[in-house]
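# Observations on the model geometry
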Amino acid sequence: SDARARGAIDIVREAMTGDDQLRVVAFGSRAAVEMVPAGTRFPGFTNEVGGDGSILGEAVELGLGLIPPGRPGRLVLLTDGKWTGKDPATLVPS
């Protein structure tokens, strides 16, 4: 649910230190970057991403593209594991 996702995002945000940055990518039949104002709780999902798909692979690609070159980064996925479109397993080394 959106409330559970917002809660998980807030837990991550509260654990951040120093130069940590947080970006949220929502996805359905399309992927979109959500706004997370610095120093505030995640206000919720505002982008319409469609409910007739789950393009997890494309969302992972978008998330990877948000990590600045030469900087360490992590992706935290909140998903049911089902996907349509690009196979997300092809995006990680085996």
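Numbering of residues starts from 1 in every chain and runs along the sequence as written. For a predicted model such as this one, the threshold for reporting local features is a pLDDT of at least 70, and the threshold for listing and counting side-chain atom pairs is 80 or more; totals across whole chains, interfaces and linings nevertheless cover every residue. The basis for every side-chain value is the complete set of non-hydrogen atoms in the structure, without hydrogens or water.

## A word on the layout of surface pockets
Looking at the largest pocket, its volume works out to about 1400 Å³. Put simply, DSSP H or I for four residues or longer makes a helix, DSSP E for two residues or longer makes a strand, and each gets a number counted from the N terminus. Contributions of two or more residues to the lining of the largest pocket are made by α1 (2–14), β1 (24–27) and α2 (56–65). Top contributing element to the lining of the largest pocket by residue count: α1, with 5 residues. Across the lining of the largest pocket, the residue classes break down as 24 nonpolar, 11 polar and 7 charged. Think of a 1 Å grid over just the protein atoms. A cavity is a set of points where a 1.4 Å probe fits yet cannot get out, a pocket is an open set with protein on both sides within 12 Å along at least five of seven lines, and lining residues have an atom within 4 Å of a point. Grid points are joined across faces, edges and corners, and a volume is the space filled by probe spheres set on the points. All amino acids are sorted into three groups, where Ala, Val, Leu, Ile, Met, Phe, Trp, Tyr, Cys and Pro are nonpolar, Asp, Glu, Lys and Arg are charged, and the leftover types, Gly among them, are polar.

## A look at the pairing of strand β2 (residues 31–34)
Here β2 shows a clear split, with Ala32 and Glu34 buried on one side and none of Ala31 and Val33 buried on the other. In this structure, β1 lies alongside β2, joined through 4 bridges in antiparallel fashion. Residue Phe27 lies in a different strand from β2, and its bridge partner there is Ala31. Between the antiparallel neighbours β1 and β2 lie 3 residues. Only protein chains enter the area calculation, which uses a 1.4 Å probe; residues under 20% of their type maximum are buried, those over 50% are exposed, and those in between are partly exposed. Pairs of strands are assigned from DSSP output, requiring at least two bridges between the strands.

## Focus: the environment of Leu91
Its location among the elements puts Leu91 in the segment after α2. We classify Leu91 as partly exposed; its relative accessible area is 23%. Residues Leu91 and Leu64, spaced 27 residues apart in sequence, show a C-alpha to C-alpha distance of 9.6 Å. Residues within four places of Leu91 in sequence aside, it is in contact with Gly57, Val60, Glu61 and Lys86. Contact between two residues is taken to exist if any of their heavy atoms lie within 4.5 Å; hydrogens are not considered.

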